Amino acid sequence: MKGEILLQNVFYLFILAIILEASVMAIFSISYVKRFSSRMPVETARDVLIIILSFVVCHQEKFLTLFRDTGIKFPPLLDVIISALVLARMTFFIREFLSKMKHE
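Residues numbered from 1 in each chain as written. Predicted model: local features only at pLDDT ≥ 70, side-chain atom pairs only at ≥ 80, totals over all residues. Heavy atoms only, no water.

Q: Is there a simple way to explain the environment of Leu64 in this structure?
A: Tracing the sequence through the fold places Leu64 in the loop between helix H3 (39-60) and helix H4 (76-103). Accessibility expressed as a relative area gives 14% for Leu64, which makes it buried. Along the backbone, Leu64 and Phe97 are 33 residues apart, and their C-alpha atoms lie at a distance of 23 Å. In this structure, Leu64 is in contact with Tyr12, Leu13, Leu16, Val57, Cys58 and Ser83, ignoring residues within four places of it in sequence. (Helix = DSSP H or I, 4+ residues; strand = E, 2+ residues; numbered from the N terminus. Buried < 20%, exposed > 50% of the residue type's maximum accessible area, 1.4 Å probe, protein only. Contact = heavy atoms within 4.5 Å.)

Right under this line is the structure:
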């Protein structure tokens, strides 16, 4: 296993997670969306959008899969699914981190 390549792939996914969170935040920061009294449907829609975008990006661009060129053999679809879930989780982590920074 090539650990430095795996670390590099994780770093690429982290950078993409920052970009993905900024893009989705821009969509959901529109004043029309802020007027909803119930935040739960908006947050659910945001989470679903992030998961779908993560899967589409990882599926379309094989460069952004987690186990590419590491020597770990997974079926391509499983690699895409794992990469998309890792990307989505990193995006949720960045959102939580930025939210805590905003409130402090």
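The discussion continues.
Q: Honestly, the pattern of salt bridges in this entry has me stumped. Any pointers?
A: Oppositely charged side chains are able to pair whenever their charged atoms sit close together. Counted by the stated rule, this structure contains four salt bridges. The partner of Asp47 in a salt bridge is Arg95, and the shortest N-O contact between them spans 2.6 Å. Residue Asp47 is located in helix H3, and its partner Arg95 is located in helix H4; the two are separated by 48 residues in the primary sequence. Salt-bridge contacts for Arg89 lead to Glu96; the nearest nitrogen and oxygen are separated by 3.9 Å. Residue Arg89 is classed as partly exposed on the basis of its relative accessible area of 45%. (Salt bridge = Lys/Arg side-chain N within 4 Å of Asp/Glu carboxyl O.)

Q: For this particular structure, what's the right way to read the nonpolar core?
A: In a soluble, globular protein the nonpolar side chains are often hidden away together inside. Residues Leu13, Ile50, Cys58 and Leu87 are the most contacted members of the largest nonpolar core, which totals 20 residues. Contributing elements (two or more residues each) for this core: helix H1 (3-28), H3 and H4. Non-local contacts of Leu87, meaning those with residues more than four positions away in its chain, are made with Leu13, Leu16, Ala17, Leu20, Ser54 and Cys58. (Core = buried A, V, L, I, M, F, W, Y, C linked by side-chain atoms within 4.5 Å.)

Q: Help me understand the packing of H1 against H4, please; the structure alone is not making it clear to me.
A: Packed helix pairs are characterised by how far apart their axes lie and by the angle those axes make with each other. Packing of H1 against H4 brings their axes to within 8 Å, and their N-to-C directions diverge by 55 degrees. When the axis of H1 is compared with that of H4, the two are oblique. Classified by chirality, the crossing of H4 by H1 is right-handed. Note on element contacts: H4 touches H1 through Ser83, Val86, Leu87, Met90, Thr91, Ile94 and Arg95, opposite Val10, Leu13, Phe14, Leu16, Ala17, Ile18, Leu20 and Glu21. Looking at side-chain class alone, the contact of H1 with H4 contains eleven nonpolar, two polar and two charged residues. (Axes fitted to C-alpha atoms, helices over the stretch in contact; angles between N-to-C directions. Parallel < 35°, antiparallel > 145°, perpendicular 65-115°, else oblique. Left-handed = near helix turned anticlockwise from the far one by under 90°. Nonpolar A, V, L, I, M, F, W, Y, C, P; charged D, E, K, R; others polar.)

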